[in-house]
Amino acid sequence: MKLIGLVGTNNANSTNRKLLQFIQKHFEKDAEIELIEIKDLPMFNKPAEKKLPEVVTEMAVKIDAADGVIIATPEYDHAIPASLMNALAWLSYGIYPFLNKPVMITGASYGTLGSSRAQQQLRQILDAPELKASVMPGSEFLLSHSLQAFDSEGNLNDIELTQKLEALFTDFRLFVKMNEKLSHAQALLQKEAEDFDWETL
């Protein structure tokens, strides 16, 4: 199984990146996980003739080819960061790599809430007509007090939290396989996405 770990922040020292790095290492026997960054994306602005930046198309190709995507998002002002919203805007502008793509949402925060509100908002965004990802239900993984959550080798300190992540990852692998059989409406969903235009509403 090939998965993408999308680092949902441009913060160079983010604990969300550390969480994805842990997931990549901890589950290396179960899946090949490639981490991709959004920090190098330009600010979204409708490009002339819908010609996308090369860095966007490269990212879209990797997501499209993957069996699933794990997104780690921080929470700023009860919402996902502007950099992640920017990435999703690019990845839904005339291209549809997330269409019916299995997604698992995770998040880390310095405080006690573990990015819970940002995760809820991200679910709503991923259900937008131009994205239409298939987000695994009941899969909320919240890493609170994330500055203290990792040891010197990048492993999670909390055994019970690690066990919860292991259970969720096992469910996600099953969800990915189940989702392969739920693709009968994919062509119709893509046509809906292609026909959808906010400017003509």
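Residues numbered from 1 in each chain as written. Predicted model: local features only at pLDDT ≥ 70, side-chain atom pairs only at ≥ 80, totals over all residues. Heavy atoms only, no water.

As recorded in an unreviewed UniProt entry, the protein chain goes by NADPH-dependent FMN reductase and comes from Lactococcus termiticola.

## Digging into the overall build of the protein chain
A tally of helices and strands in the protein chain yields 6 helices and 6 strands. Each helix (α) and strand (β) of the protein chain, taken in turn from the N terminus, gives the series β-α-β-α-β-α-β-α-β-β-α-α. What you see for the protein chain is a C-alpha radius of gyration of 17 Å, in line with the 17 Å of a compact globule of 201 residues. Judged by the C-alpha coordinates and their principal axes, the protein chain covers about 50 × 35 × 25 Å. For the protein chain, the proportion of its 201 residues judged to be buried stands at 47%. (Helix = DSSP H or I, 4+ residues; strand = E, 2+ residues; numbered from the N terminus. Rg over C-alpha atoms; globule rule 2.2 N^0.38 Å. Buried < 20%, exposed > 50% of the residue type's maximum accessible area, 1.4 Å probe, protein only.)

## Describing the side chain of Ser 115
Tracing the backbone shows Ser 115 in the loop between strand 4 (102-108) and helix 4 (116-126). Relative accessible area serves as the criterion here: at 1%, Ser 115 is assigned to the buried category. Not counting chain neighbours up to four residues away, the residues in contact with Ser 115 comprise Thr 73, Pro 74, Glu 75, Gly 107, Ala 108, Ser 109 and Leu 142. (Contact = heavy atoms within 4.5 Å.)

## Details of the nonpolar core
Core analysis: the largest hydrophobic core is formed by 31 residues, its most contacted members being Leu 6, Ile 71, Phe 98, Val 103 and Leu 126. Elements with a minimum of two residues in this core: strand 1 (2-7), helix 2 (54-65), strand 3 (68-72), helix 3 (82-90), strand 4 and helix 4. Every residue in contact with Val 103, bar those within four places of it in the chain, is listed here: Val 69, Ile 71, Phe 98, Leu 126, Ala 133, Ser 134, Val 135, Met 136, Phe 172 and Phe 175. Judged by nonpolar contacts, the second largest core, of 25 residues, contains Leu 20, Ile 33, Met 104 and Leu 168. (Core = buried A, V, L, I, M, F, W, Y, C linked by side-chain atoms within 4.5 Å.)

## A look at the pairing of strand 2 (residues 32-37)
Across 6 bridges, the pairing between strand 1 and strand 2 is parallel. In the strand pairing of strand 2, Leu 3 is matched with Ile 33. Where the polypeptide runs from strand 1 across helix 1 (residues 15-26) and back to strand 2, its parallel neighbour, the crossover connection is right-handed. (Pairing = 2+ DSSP bridges. Right-handed = clockwise from strand over helix to strand, strands pointing away.)

## Describing unusual backbone geometry
Although it is not a glycine, His 78 adopts a positive phi angle of roughly 65 degrees. Examined against the element boundaries, His 78 turns out to sit in the loop between strand 3 and helix 3. By relative accessible area, which is 48% here, His 78 ends up partly exposed.

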